[in-house]
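Chain by chain, the residues run as shown.
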Amino acid sequence: NEQDRAIMMAALKSVSLVTWFDEDTPLELISELRPDLLVKGGDYDMDKLAETAAVRAYGGDARAIPFVDGYSTTALVKKIRAA
């Protein structure tokens with residue numbers, strides 16, 4: 001679920017904020033927070049996302065992290081819970 005994923009992501013030293021949103025896109029949140037870097041999963045075409053343009057408009061960057069077979073937040077959370 002969202003909370004489990006947020007906890008896992010927030011535990012990374014390189015992550016300064018993890019949040020979720022109820023809207024279709026996080027444009028309002030991005031406008032308010034102005035992140036230096038927006039990261040999405042590898043299934044997104046970053047150039048087609050409105051949030052990419054919003055972040056880059058003020059000098060930030062937006063990148064997709066490629067998928068690695070066998071590794072996912074969902075799988076990691078399940079493995080930890082099973083331990």
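Presented here is an overview of the structure given in this document. (Residues numbered from 1 in each chain as written. Predicted model: local features only at pLDDT ≥ 70, side-chain atom pairs only at ≥ 80, totals over all residues. Heavy atoms only, no water.)

## Description of helix α3 (residues 50-57)
Applied cut-off: With a 1.4 Å probe rolled over the protein chains alone, any residue whose accessible area is under 20% of its type maximum counts as buried; one over 50% counts as exposed, and the rest are partly exposed. Helix and strand definitions here come from DSSP, where helices need a minimum of 4 consecutive H or I residues and strands a minimum of 2 consecutive E residues; each element is numbered from the N-terminal end. To be clear, the arc concerns the directions from the helix axis to the C-beta atoms. Contact between two residues is taken to exist if any of their heavy atoms lie within 4.5 Å; hydrogens are not considered.
Listing the buried residues of α3 in full gives Glu51, Thr52 and Val55. What you see down the axis of α3 is that its buried residues fit within an arc of 105°, all on one side. Buried residues along α3 sit in contact with α2 (27-33), β1 (37-41) and β2 (61-65). Backbone geometry just downstream of α3 places Gly59 in the positive-phi region, at approximately 100°.

## Some details on the packing of aromatic side chains
For clarity, the cut-off: Ring pairs shown here join Phe, Tyr and Trp side chains whose ring centres sit within 6.5 Å, with only the six-membered ring taken for Trp; geometry is labelled stacked below 30 degrees between planes, edge-to-face above 60, and tilted in between. We count a charge as sitting over a ring when the NZ of a lysine or the CZ of an arginine lies within 6 Å of the ring centre and within 35 degrees of the ring normal.
Summed over all chains, the structure comprises zero aromatic pairs. Directly above the ring of Tyr58 sits Arg34, whose terminal nitrogen or CZ lies 4.3 Å from the centroid. One cation-aromatic arrangement involves Lys40 over Tyr44; the distance from NZ or CZ to the ring centre is 4.3 Å.

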